[in-house]
Amino acid sequence: VEARITRRRRLDDGRAVGEMTAADDASYYDLDGMDTGGEVEGARSTARERQEALLKEFESRRRLRATHAPTDDAQVRAMLRRYEEPVTLFGERQAERRERLRGILAALDARDGGELETSGDVAGGGAVVVDASGVGAYQKEIFYTEGTDGLLQARVDLAEFSLPRAAKRVAEQKAKRGERGGDERRAMDDIVLSTSAFTAQCSEIGDVTRPLCAVRFYDQGKRAVSASWSGEVRAWTCDAAAGKLSSNLVIKATEHRITGLDAYHDGCAIATAHADGTAAIWSADGERRRELKGHASRCGKIAFHPRDGGRYVATAGFDATWRLWHTETGEELLCQEGHSREVYDVGFHPDGALAASVGLDAIGRVWDLRLGKSISVLRGHVKQILSVDFAPNGYHIITGSDDRTVRVWDLRKNAACAYTLASHSALVSCVRYEKTATHGAFFSSCSYDGTVCIYSGSDFALNTRLSASSSSSSSMNKLTSVDVAGDALVACGFDKTLKMYTK
């Protein structure tokens, strides 16, 4: 025993000074009894296999993103039948069937040895385009899909509506900058500073069972409308001077969740989007005017076009499209693709010429409604974008994202990111400009962290932070929507209440 202890101490001392011999090392660790070569080679083989599997998965995802499939369910079924695949699976919906077809087409492309373009080429318009005949080919030039006569008439109508409004807006902005630019700027700054006076006035229960998902002012902030996941829409009368909200109408819009809500600014119509892929147009007294059907999956948010009378409305969809509808006839005028994942929100330029769509692919796109082209891409968010809004000045866009930031984009600089606001500690669920009394002097954002932030519309500085927390539970403090009109602000969320703040 003493000899063994002495030998171990000598080996430890030798290791400490670096004089330990190979024979001593082998005897100490008993290397002869270890099969190190086989283990190392096995580890290397496993690492190579894992790397190859990851590369194949990345390549498969790239092919899937670059593969387009028809949005018409009849064409999707025809192509599945041509490739001798099951036309439908048990419980499969239209969007799931289309995704399955895309996966099949991407696998066929990989098997045939097709190569993808680089990311720059794909962004420039290259993609694998597959028609109903099952023929796939690269098409690098811009291509067009033939539209309907209704779409042509709508484009002409939008051009005639937007061009005079744009000319008037630009002329007014030039006059303000030339004659009293300094006074205008000081007046805007005073309005922003006045937002520090926002205080909570009342909190009303908007639904007894499910969270509220959206709220919108209309009629110059005198009235508002809210929606909940229970499928219920509630109209409110707003008295900002007295700080009171009173409910005067309840509409059972759907048996499914309401995913989006908007009200035309004069109160002539209300629009709702639903989780079953449908949308509906309602009169101010709760009468259903039109039901809009066409999305292959659940809807995202919904927005009225500024055209007189709420003639057009747009819906975002989880089928990776957004659609333009004629509210008087219920006709689907446009099914616009362009996003690689679900589209979550859509908004319109105050002139009515442009639209912006954002989605779960973390990018936004600006569209010219008169031409049907994507004229700008909003790149910068690192997570899904959940809300978008245009500024009344006509050249700023704001977006809110799951990456906890609000970004401001400048259309005058090819939609470059002008500012990034990191004011929230959780995802930003809604962003809204003030558009009634101050013409965009400030904008607001709400978040799942339970706060509402108000920013300057000129230098984008954070001016006011409002805490809308009404519960000790963090999950109940999540805010889903905010809107502001003049001296009043409303917000709603998971606590099922509608809160109003006034100056």
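Scroll up for the structure.
What you see is a predicted model; the values in this text were computed from it and never measured.

## Side note on the overall build of the chain
Here is step 1 of the chain: Per the secondary structure count, the chain includes seven helices and 31 strands.
Here is step 2 of the chain: Long-range pairs, those at least 24 residues apart, make up 48% of the contacts in the chain between residues at least 6 apart in sequence.

## What about the pattern of salt bridges?
Here is step 1 of the chain: As enumerated under the stated definition, the model contains 23 salt bridges in all.
Here is step 2 of the chain: The salt bridge partner of Arg370 is Asp368, with a shortest N-O separation of 3.1 Å.
Here is step 3 of the chain: A relative accessible area of 27% places Arg370 in the partly exposed class.
Here is step 4 of the chain: Here Asp368 falls in the buried class, since its relative accessible area comes to 9%.

## Details of the environment of Thr464
Here is step 1 of the chain: With respect to the helices and strands, the residue Thr464 is situated in strand β28 (residues 462–467).
Here is step 2 of the chain: Linking Thr464 and Ala197, residues 267 residues apart in sequence, is a C-alpha distance of 8.7 Å.
Here is step 3 of the chain: Beyond its immediate stretch of four places on either side in the chain, Thr464 contacts Thr195, Ser196, Val452, Cys453 and Ile454.
Here is step 4 of the chain: In this structure the side chain of Thr464 is engaged in a polar contact, spanning 3.2 Å, whose partner is the side chain of Thr195.
Here is step 5 of the chain: Here the side chain of Thr464 touches Asn463 through a polar contact of 3.0 Å, side chain to side chain.

## Notes on the pairing of strand β10 (residues 270–274)
Remember that side chains alternate between the two faces of the sheet whenever the strand is regular.
Here is step 1 of the chain: For β10, the tally of buried residues reaches five of five residues, placing the bulk of the element in the interior.
Here is step 2 of the chain: Going residue by residue along β10, you find Ile270, Thr272 and His274 tucked away on one face and Ala271 and Ala273 tucked away on the opposite face as well.
Here is step 3 of the chain: As defined by bridge partners, strand β9 (residues 258–263) adjoins β10 across five bridges and the pair is classed as antiparallel. For Gly260, the partnering residue across the bridge sits in β10 and is Ala273.

## A few points about the sheet that holds strand β4 (residues 199–205)
Here is step 1 of the chain: Here we have four strands laid out as an open sheet, ordered β4-β31-β30-β29, and antiparallel in their pairing. Strands with a single pairing partner mark the edges of an open sheet, and in this sheet they are β4 and β29 (479–485). Shown here is a sheet whose adjacent strand axes are inclined to one another by a mean of 20°, direction ignored.
Here is step 2 of the chain: Pairing of strand β30 (residues 488–493) with strand β31 (residues 497–502) involves five bridges; the strand directions are antiparallel. Bridge pairing links Val490 to Met500 in β31.

## Topic: the sheet that holds strand β15 (residues 322–326)
Here is step 1 of the chain: Taken in spatial order, the four strands make up an open sheet running β13-β14-β15-β16, and their pairing is antiparallel. Of all strands in the sheet, those bounded by a partner on one side alone are β13 (299–304) and β16 (332–336). Sheet twist, expressed as the average angle between the axes of neighbouring strands with direction ignored, equals 20°.
Here is step 2 of the chain: As paired elements, strand β14 (residues 312–317) and β15 share five bridges and run antiparallel to each other. Each bridged residue has a counterpart across the sheet, and for Thr315 the counterpart in β15 is Arg323.

## Thoughts on helix α4 (residues 73–82)
Here is step 1 of the chain: By the burial criterion, the buried members of α4 are Asp73, Val76, Met79 and Leu80. The arc that holds the buried residues of α4, viewed along the axis, is 120°, so those residues lie on one side.
Here is step 2 of the chain: Two residues or fewer past α4, Glu84 is found with a positive phi of approximately 60°.

## Quick notes on the nonpolar core
Here is step 1 of the chain: Residues Tyr312, Ala314, Trp322, Leu324, Leu333, Phe348 and Leu369 are the most contacted members of the largest nonpolar core, which totals 17 residues.
Here is step 2 of the chain: For this core, the secondary structure elements donating two or more residues are α7 (149–194), β14, β15, β16 and β17 (343–348).
Here is step 3 of the chain: With sequence-adjacent residues up to four places away left out, Leu369 is seen in contact with Arg155, Leu158, His305, Trp322, Phe348, Gly352, Ala353, Leu354 and Ala355.
Here is step 4 of the chain: Grouped together as the second largest cluster of nonpolar side chains are 16 residues, Ile454, Leu466, Ala491 and Tyr501 included.

## Describing the environment of Val170
Here is step 1 of the chain: By the element assignment, Val170 lies in helix α7.
Here is step 2 of the chain: Placed 224 residues apart in sequence, Val170 and Gly394 show a C-alpha to C-alpha distance of 8.9 Å.

## Considerations on the side chain of His424
Here is step 1 of the chain: Looking at the secondary structure, you find His424 in the loop between β24 (416–421) and β25 (428–433).
Here is step 2 of the chain: A polar side-chain atom of His424 sits 2.8 Å from a polar atom in the side chain of Ser445.
Here is step 3 of the chain: Within the structure, His424 has its side chain in polar contact with the side chain of Thr451 (distance 3.2 Å).
Here is step 4 of the chain: Those residues in contact with His424 that sit more than four places away from it in its chain are Arg404, Ser445, Cys446, Ser447, Asp449, Thr451, Cys453 and Tyr455.

## As for the packing of aromatic side chains
Here is step 1 of the chain: On inspection of all chains with the given rule, the structure shows eight aromatic pairs.
Here is step 2 of the chain: Between the aromatic rings of Trp229 and Phe494, the centroid separation amounts to 5.4 Å while the plane-to-plane angle is 70°, which identifies the pairing as edge-to-face. Taken together, the residues span a long stretch of sequence, with Trp229 in the loop between β6 (223–228) and β7 (232–239) and Phe494 in the loop between β30 and β31 at a distance of 265 residues.
Here is step 3 of the chain: Judged by relative accessible area, which is 15%, Phe494 ranks as buried.
Here is step 4 of the chain: Between Tyr264 and Phe304, the aromatic rings sit 5.9 Å apart at their centres with planes inclined by 75°, giving edge-to-face as the arrangement. Here the residue Tyr264 occupies a position in the loop between β9 and β10, and Phe304 occupies one in strand β13, the gap between them amounting to 40 residues. Neither Tyr264 nor Phe304 differs from the other in exposure class; each is buried.
Here is step 5 of the chain: By way of ring pairs, the aromatic residues Trp229, Tyr448 and Phe494 are connected into one cluster.
Here is step 6 of the chain: Of note, Arg257 hangs over the ring of Trp229, and the distance from its end group to the ring centre comes to 4.9 Å.

Conventions we followed
Residues numbered from 1 in each chain as written. Predicted model: local features only at pLDDT ≥ 70, side-chain atom pairs only at ≥ 80, totals over all residues. Heavy atoms only, no water. Helix = DSSP H or I, 4+ residues; strand = E, 2+ residues; numbered from the N terminus. Contact = heavy atoms within 4.5 Å. Salt bridge = Lys/Arg side-chain N within 4 Å of Asp/Glu carboxyl O. Buried < 20%, exposed > 50% of the residue type's maximum accessible area, 1.4 Å probe, protein only. Polar contact = N/O pair within 3.5 Å; in protein donor to acceptor, adjacent residues only side chain to side chain. Pairing = 2+ DSSP bridges. Axes fitted to C-alpha atoms, helices over the stretch in contact; angles between N-to-C directions. Arc of directions from axis to C-beta. Core = buried A, V, L, I, M, F, W, Y, C linked by side-chain atoms within 4.5 Å. Phe/Tyr/Trp six-rings, centres within 6.5 Å; stacked < 30°, edge-to-face > 60°. Lys NZ or Arg CZ within 6 Å of the ring centre and 35° of its normal.

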